[in-house]
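Residue-level listing of the chains:
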Amino acid sequence: MSSIIQLLPDHVANQIAAGEVVQRPASVVKELLENAVDAKATDIKLIIKDAGKSLVQVIDNGVGMTVTDARLCFARHATSKIRQAEDLFSLGTKGFRGEALASIAAIAHMEMKTKQDQDELGTHIVIEGSKFVSQEVAVLPKGTSFAVKNLFFNIPARRNFLKSDTVEFRHVMDEFQRVALAHPNIHFSFYHNGSEMYNLPAAGYRQRIVGIMAGKTNEKLVPVNEDTEIINVQGFVCKPEFAKKNRGEQFFFVNDRFIKSSFLHHAVMSAYDGLLKDGSQPSYFLYLQVPPNTIDINIHPTKTEIKFDDEQALYAILRASIKHSLGQFNVAPVLDFDRDANLDTPYHYKDMEVGIPTIQVDGTFNPFTDDKTNQHYSKATSGSSGYSSGSSFSSSSGSSSSGVSYSGYSKRVEPTTSWESLYVGLDVENPESIESSPFTFENEEVTSSLFNDEDVEQATQKTYQIHKKYIVSPIKSGMIIVDQQRAHQRILYEQFLLNMTVNQASSQQLLFPLDLFYSASEMELIEELKPSLETTGFVFDESKTDHVVISGIPVNITESEVSQVIEQLLSDLQDGIPANSYSQNDTIAKSMAKSLAVKTGSYLTEKEQDNLVNGLFACKDPNISPFQKPTFITMRVEDIDKKFAL
């Protein structure tokens, strides 16, 4: 019987390995950028076309390779990063598997140019599907250039599964941002279809974050700095009021390597406990430095997962350092509340004893007499103005109308005429001769009713709100229970879809245009969504590289909700915009309805409840929400009777 186990050819093994290493153009970008960083480059340039499907080129000014290394780097498990197994626990480089270049060369047309500084000539190699086409000597600058063309040319099934250019470009953008954020000391530049997307000079962490995220990122950042024997935490977290719906701006770097860790993310979220709205995600850029022998990177080919020796200690330190930073910069509430300094006791009164103010009353005082008998009292008390020795408080309310003085200044106002002059001209003996004028009062209440009580029909409430979540409305056969949030979503969804497809949407002009700042990838998405957003009522004045200016908004949206609506829309469309125009309008209408619908826990008046119920049953499909969930249920009287028939 012949042997059935065979050794796979290299090109077949490389294609199998490529399935794990290279999943999309962004995977190629990640591997080539990390190799450029390992080559000690100070200037790295990324050039892509058609979101990386046609071309991915990385040019660096690193150390370069010799002729032998240039040929050997395309072999499987050939690397300059490690020599023995123990080196896995003291890694200082990005790559170490030696599979990236071999996997990429197996599924694409690849061209490499490299030269070392001390050499006069460099090496130019062309590979197509793991086959060396040519190797020549060429005049080249110092460094290495990799150009990957026609990705998955020999695996059409994998190429057909690639997403649209918008989605693939966003993945490429994510990989570029991760590498650029991890190494702010390197100058990075990024070009897509001939347009410059980023030009990031060497700078510090804060400048690099602001350069990539653009907008008003600088005012959002709160520095975090904690140095312990176990871990060194540096970086920035964003203020709670700038939290977003998605998790696009959350970065962990361990020893300058981007990682994903739900455990560490939970530590950050616990530090923000009580500061975020429901469903909001904080932005953070955290750089962790740990001893290399305390982590294990050799878990997944993408090297984005890491095992820590002492995860509990890292969790506690990270959580405490973020809470300390939020409190230190007055982001989180503190125990000491601000008080009015005017209410503080002056220093020279702090230790004084408080006594009861003395009160003197003139029992002979009569305001209707014109004699001067009370003048001696005023003179006697006028000398006691100021603070009394037994009290820290004195009053100057000694009024002549009361004859009472609180150890302070007292003054009596002399009447100009006698009180009898008020009644001059009146015929006291004949009171009927006095003409009386009618008195009117502005605050008089009208107690009479416009209608008779028997003619007024008492209005009865027809809807009731339960737990600020459901609306109960009686019907002939029983009652219906409406989910207020889902019902409002259905109403808004059909309104937006009608405006986008049939009617001309109305727009309200803003007195002061809104400036909304977004990242480069988000601006790309907004540019594609502009025509659809304009049909809903948005008016865009101008768009720049990092922000848009909005001068008009739909009539059923308030100015404060604009940012929330667009942010939710970007979050819902992060996986790509549908190519079909109807599907695109449908997605936008669903996203805007979800953002603007009344939330669970909101109190509704009787009129609002009635309008919501009537609006729901005026829809074309009132039974389900835009997200295929029931909007109401019906309970018949028979069903209720059965509940009581035990």
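So, here's what we can say about the structure. The residue numbers shown here count from 1 along each chain, following its written sequence. Whole-chain, interface and lining totals are the exception, using all residues; otherwise, since this is a predicted model, local features are given only for residues with pLDDT of at least 70 and side-chain atom pairs are given and counted only at 80 or more. As a rule here, side-chain values come from all non-hydrogen atoms in the structure, and water together with hydrogens is ignored.

1. A look at the overall build of the protein
- Strands here mean DSSP runs of E at least two residues long; helices mean DSSP runs of H or I at least four residues long; both are numbered from the N terminus. Helix and strand counts for the protein stand at 16 helices and 26 strands.
- The cut-offs for exposure are 20% and 50% of the maximum accessible area for each residue type, with area from a 1.4 Å probe on protein chains only; residues under the lower value are buried, those over the upper are exposed, and the others partly exposed. The buried share of the protein, taken over its 646 residues, is 42%.
- In the protein, 67% of the contacts between residues at least 6 apart in sequence involve partners at least 24 apart.
- Just so you have it, the protein exposes about 37,600 Å², and 52% of that area is on carbon and sulfur atoms. Any pair of residues with heavy atoms lying within 4.5 Å of one another is described as a contacting pair. Method for areas: the Shrake-Rupley scheme with a 1.4 Å probe, in which residue coverage is limited to the protein chains shown.

2. Some points on the pattern of salt bridges
- Whenever Lys or Arg places a side-chain nitrogen within 4 Å of a carboxyl oxygen from Asp or Glu, that contact is recorded as a salt bridge. Following the criterion strictly, the structure yields eleven salt bridges and no others.
- Here Glu111 ties to Lys149 by a salt bridge, and the two come within 3.7 Å at their closest N and O atoms. On the criterion of sequence distance, the pair formed by Glu111 in strand β3 (residues 109–115) and Lys149 in strand β6 (residues 143–149) is long-range, its members being 38 residues apart.
- For Lys590, the salt bridge goes to Asp586, with nearest N and O atoms at 3.3 Å. Of this pair, Lys590 and Asp586 both sit in helix α14 (residues 581–596), four residues apart, roughly one helical turn.

3. Here's the deal with the nonpolar core
- In these notes, a set of buried Ala, Val, Leu, Ile, Met, Phe, Trp, Tyr and Cys residues joined through side-chain atoms within 4.5 Å is what counts as a nonpolar core. Judged by nonpolar contacts, the single largest core of 61 residues is most densely connected at Leu32, Phe74 and Phe190.
- Here this core gets eight residues from one element, more than from any other, and that element is helix α6 (residues 165–182).
- Residues Ile550, Ile557, Met592 and Ala597 belong to the second largest nonpolar core, which totals 32 residues.

4. Quick notes on the packing of helix α12 (residues 520–536) against helix α13 (residues 562–572)
- Note on geometry: axes are C-alpha line fits, over the in-contact stretch for helices, and angles between N-to-C directions span 0 to 180 degrees. Between α12 and α13, whose axes approach to 11 Å, the crossing angle comes to 110°. Comparing their axes, α13 and α12 come out roughly perpendicular. On α13, the residues touching Glu522, Leu525, Ile526, Leu529 and Leu533 of α12 are Ile566, Leu569 and Leu570.
- In this classification, the charged set is Asp, Glu, Lys and Arg, the nonpolar set is Ala, Val, Leu, Ile, Met, Phe, Trp, Tyr, Cys and Pro, and all remaining amino acids, among them Gly, are polar. Among the residues making up the contact of α12 with α13, the classes are represented as seven nonpolar, no polar and one charged. Reported orientations rely on four angle classes, namely roughly parallel under 35 degrees, roughly antiparallel over 145, roughly perpendicular from 65 to 115, and oblique for the rest.

5. Here we look at the packing of aromatic side chains
- Here a Phe, Tyr or Trp ring, Trp counted by its six-membered ring, pairs with any other such ring whose centre lies within 6.5 Å, and the pair is stacked when the planes are under 30 degrees apart, edge-to-face when over 60, and tilted otherwise. Under the definition given, this model contains 17 aromatic pairs.
- Ring plane angle 0° and centroid distance 6.1 Å describe the contact between Phe251 and Phe253, whose orientation is recorded as stacked.
- Classification of Phe251 as buried rests on a relative accessible area of 4%.
- For Phe253, a relative accessible area of 1% corresponds to the buried category.
- Members of the aromatic cluster, joined through ring pairs, are Tyr205, Phe251, Phe253, Phe258, Phe285 and Tyr287.
- Lysine NZ or arginine CZ positioned within 6 Å of the ring centre and within 35 degrees of the ring normal marks a charge as sitting over the ring. A cation over a ring is seen here: Arg71 above Phe132, with NZ or CZ 3.8 Å from the ring centre.

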